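If you want the building blocks of each chain, they are given just below.
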Amino acid sequence: MSLDALGALCDTLPKDAPKPEPPKVRPQDIVSEGKVKSEKGVRVGEREDTLPPDYRFKEEDLKKLPPPKPEPKMDADDALDILSGDFSTASTAPAVQAPVCSSAAPVQVSSVLISDTTV
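Residues numbered from 1 in each chain as written. Predicted model: local features only at pLDDT ≥ 70, side-chain atom pairs only at ≥ 80, totals over all residues. Heavy atoms only, no water.

In the nomenclature of an unreviewed UniProt entry, the chain is known as Calpastatin of Neolamprologus brichardi.

Undergrad: So what's going on with the overall build of the chain? Residues and values would help.
TA: When helices and strands are counted, the chain shows six helices and zero strands. The N-to-C order of helical and strand elements in the chain reads α-α-α-α-α-α. Burial status across the chain gives 1% buried among its 119 residues. (Helix = DSSP H or I, 4+ residues; strand = E, 2+ residues; numbered from the N terminus. Buried < 20%, exposed > 50% of the residue type's maximum accessible area, 1.4 Å probe, protein only.)

Undergrad: Could you give an account of the pattern of salt bridges, naming the residues involved and the relevant values?
TA: For the structure shown, the criterion picks out five salt bridges. The salt bridge involving Lys24 is made with Glu21; its shortest N-O contact spans 3.3 Å. Pair check on accessibility: Lys24 and Glu21 agree, each one exposed. Salt-bridge contacts for Arg47 lead to Asp49; the nearest nitrogen and oxygen are separated by 2.9 Å. (Salt bridge = Lys/Arg side-chain N within 4 Å of Asp/Glu carboxyl O.)

Undergrad: Could you give me a rundown of a nonpolar patch on the surface, with the residues and numbers involved?
TA: A surface patch of nonpolar side chains, about 310 Å² in accessible area, is lined by Leu3, Leu6 and Leu9. With respect to the helices and strands, Leu9 occurs in helix H1 (residues 3-12). (Patch = residues over 30% accessible without salt bridge, like charges linked within 9 Å, V, L, I, M, F, W, Y side chains within 5 Å. Areas by Shrake-Rupley, 256 points an atom, 1.4 Å probe, with all protein chains shown as cover.)

Undergrad: Run through a negative patch on the surface, naming residues and quoting values.
TA: Taken together, the side chains of Asp75, Asp77, Asp78 and Asp81 define an acidic patch exposed on the protein surface. Its place among the elements puts Asp77 in helix H4 (residues 76-83). (Lys, Arg positive; Asp, Glu negative; His and termini not counted. Charge placed at Lys NZ, Arg CZ, Asp CG, Glu CD.)

Undergrad: Which residues make up the confidence of the model for the chain, and what values go with them?
TA: For the chain, mean pLDDT is 77; residues scoring 70 or higher make up 72% of the total. Here helix H6 (residues 111-117) stands out as the element of the chain with the lowest mean pLDDT, 52, in contrast to H4, whose mean of 87 is the highest. (pLDDT = per-residue confidence, 0-100.)

Undergrad: With reference to specific residues and values, describe unusual backbone geometry.
TA: Both trends apply: most residues other than glycine have a negative phi, and most peptide bonds are in trans. Positive phi, close to 60°, is recorded for Asp54, a residue that is not glycine. Mapped onto the elements, Asp54 comes out in the loop between helix H2 (33-38) and helix H3 (59-64). In this structure Asp54 comes out as exposed when scored by relative accessible area, which is 67%.

Okay, structure coming up:
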């Protein structure tokens, strides 16, 4: 690439805007640890006036909703039977037959390996 092409490209870019100065730290902006610990903060939701409007259901809205369905109750023995049901029955593994591969050339064992192993 020629430098003229890069120079022409640089001319099309906007100039850098001056960066604004960061705000100066004033002595009254510095917070001490004692001041923070002495002030009692209010958590959202501790008081009703800190909640957003329409956060909680109103009583008349609750009466319009259908009653909740009762959850089915289960005895501990029934639950244990359901959880341990698979363990109590013995499952037999399905018989899988692997295909037997026969090679054309028989494998020969070298006599050197046999003589080394017999000591």
